[in-house]
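# What the coordinates show
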Amino acid sequence: MFRIDFNKLRFLVCDDNPHMRRILRTLLHSFGAREVYEAEDGATALEMYSHYVPDIVITDWSMPIFDGLELAQMIRQPESKGNPFAPIIMLTGHSEKRRVTVARDAGVTEFLAKPISAKGLYQRILNVVANPRPFIKTKTYFGPDRRRNTSNAYIGPERRVGGEAEVLQQPSLLDKARSTV
Amino acid sequence: MANHKRDIEIKAFADHQVITQPNPLRKVLRRLKEKDLDDPIARAEKALAGLSGEFKNWMTVEADRLSAAHATILQNGFTHENCEELFRAAHDIKGDAATFGYPSAGAAANSLCRIIEHAPELAEVPSDLIAHHINAIQAIVRERTKLDTVSMASELSRQLRGVADEFLMKANRDRPEHLEAILAPSLVPGD
């Protein structure tokens, strides 16, 4: 069993509803977080993301200007100066399975359907902190591995093609990004 | 905040790369000790309960925002912006109401969201159907403190959902992708 030192984590919360932001802030502070930054739309969140370099992003889906889905897509730019790897938890009133698939394909790490609960939020945060998934880059996707289970049974059109692996050592994108901030 | 150097390893395959790195947040994890009685979830639930005195006001603000969005539509028509605002107001209630102690208002708002999302033309939805949803949400919020209204609120939102679903299934009989979405089970139990 693990416990998270929330006081070492920096959060960015993005929700256009001030009541929900208050709820989230209350929950995160109660968990022990000290650094919680808030944005009320996707554009502001993106600016704050570059400025504060949060460890975890918690975002709503439906928002004015650009929404949480677009925010996730903008964060998940492998060539961007910022950190494209930060865990993104999408907290949303959308509760249909197809929405989960769309969010997953935008690079969202965890999906949490409202109504929010302390337990649900804590578990999602614990999961992104304790069990990070490798990232996958294809022509059309960059984000956490969308497979949670390994199975060779899938033979559909989106099956990844294997082949011999070529391992390339790269300098850390995050370190590069932080050195430019 | 975790802040340490990370070495990224990239394995290149024919049509994709697998990128792994040491867990950048591992330093914020610590193993739970036997004597550790601290319960962050209970602490957060208690803090949330401490906010509950404000929930009635918050819910009133949300319901009034929905009514205002509807009034704008009645006055200025079903423009894209007006419909967006109506959806966002209903969607916020759908997501927040149960947390604020108004699950039936959340259910009615969910039903309204489904109408806005899946009706082929919002302007052609019977005006009473939209108005009844909004009036029901207002009534549930207003009468929340009366114990005997709880089951009535639940029945009201259930009936609205039934009428809305019947309308949506007829309106979308030639739109299979919408029918599928309308009939798909929700991820949230009790939706």
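Residues numbered from 1 in each chain as written. Chains lettered and ligands numbered in written order. Predicted model: local features only at pLDDT ≥ 70, side-chain atom pairs only at ≥ 80, totals over all residues.

Taken together, the contact between chain A and chain B spans 56 residues of the former and 50 residues of the latter. At seven residues, the largest contribution of residues to the side of chain A that touches chain B is made by helix α1 (residues 18-31) of chain A. Broken down by class, the residue content of the side of chain A that touches chain B amounts to 26 nonpolar, 15 polar and 15 charged. Of the pairings in the sheet, the one linking strand β7 (residues 135-137) of chain A to strand β2 (residues 17-20) of chain B comprises three bridges and is antiparallel in character. By the bridge assignment for β2 of chain B, phenylalanine 135 of chain A is matched with isoleucine 19 of chain B. (Contact = placed C-beta atoms within 7 Å. Helix = DSSP H or I, 4+ residues; strand = E, 2+ residues; numbered from the N terminus. Nonpolar A, V, L, I, M, F, W, Y, C, P; charged D, E, K, R; others polar. Pairing = 2+ DSSP bridges.)

Let's shift gears to the pairing of strand β2 (residues 10-14) of chain A. All names here are of chain A. Most of β2 is tucked away, with four of its five residues classed as buried. Relative to strand β3 (residues 35-39), β2 runs parallel, the two being bridged by five bridges. Paired with arginine 10 across the two strands is glutamate 35, which belongs to β3. Regarding topology, α1 serves as the crossover connection from β2 to the parallel β3, and that connection is right-handed. Across four bridges, the pairing between β2 and strand β4 (residues 56-59) is parallel. Looking across to β4, one finds that leucine 12 is bridged to valine 57. (Buried ≥ 20, exposed ≤ 12 C-beta atoms within 10 Å, placed from the backbone. Right-handed = clockwise from strand over helix to strand, strands pointing away.)

With that out of the way, let us pick up the packing of helix α5 (residues 118-130) of chain A against helix α1 (residues 40-51) of chain B. In contact at an axis separation of 9 Å, α5 of chain A and α1 of chain B are set at 135° when each is read in the N-to-C sense. One finds that α5 of chain A runs oblique with respect to α1 of chain B. For the crossing formed where α5 of chain A meets α1 of chain B, the hand is right-handed. Two secondary-structure elements touch here, α5 of chain A through Ala118, Lys119 and Tyr122 of chain A and α1 of chain B through Pro40, Ile41, Ala44, Glu45 and Leu48 of chain B. Residue composition of the contact of α5 of chain A with α1 of chain B, by class: six nonpolar, no polar and two charged. (Axes fitted to C-alpha atoms, helices over the stretch in contact; angles between N-to-C directions. Parallel < 35°, antiparallel > 145°, perpendicular 65-115°, else oblique. Left-handed = near helix turned anticlockwise from the far one by under 90°.)

Another aspect to go through is the packing of α1 of chain A against α1 of chain B. One can describe the packing of α1 of chain A onto α1 of chain B by two numbers: an axis separation of 8 Å at closest approach and a directional angle of 145°. For the pair α1 of chain A and α1 of chain B, the crossing hand works out as right-handed. For the pair α1 of chain A and α1 of chain B, contact is made by Ile23, Thr26, Leu27, Ser30 and Phe31 of chain A and by Pro40, Arg43, Ala44, Ala47, Leu48 and Leu51 of chain B, respectively. Considering only residue class, the contact of α1 of chain A with α1 of chain B consists of eight nonpolar, two polar and one charged.

Below, the discussion takes up the nonpolar core. Ranked by size, the top nonpolar core spans 49 residues in total, and within it Phe11, Ile56 and Val57 of chain A carry the most contacts. In terms of residue count, α1 of chain A provides more of this core than any other element does, six residues in total. Ala108, Leu112, Cys113 and Ile140 of chain B belong to the second largest nonpolar core, which has 30 residues in total. (Core = buried A, V, L, I, M, F, W, Y, C linked by C-beta atoms within 7 Å.)

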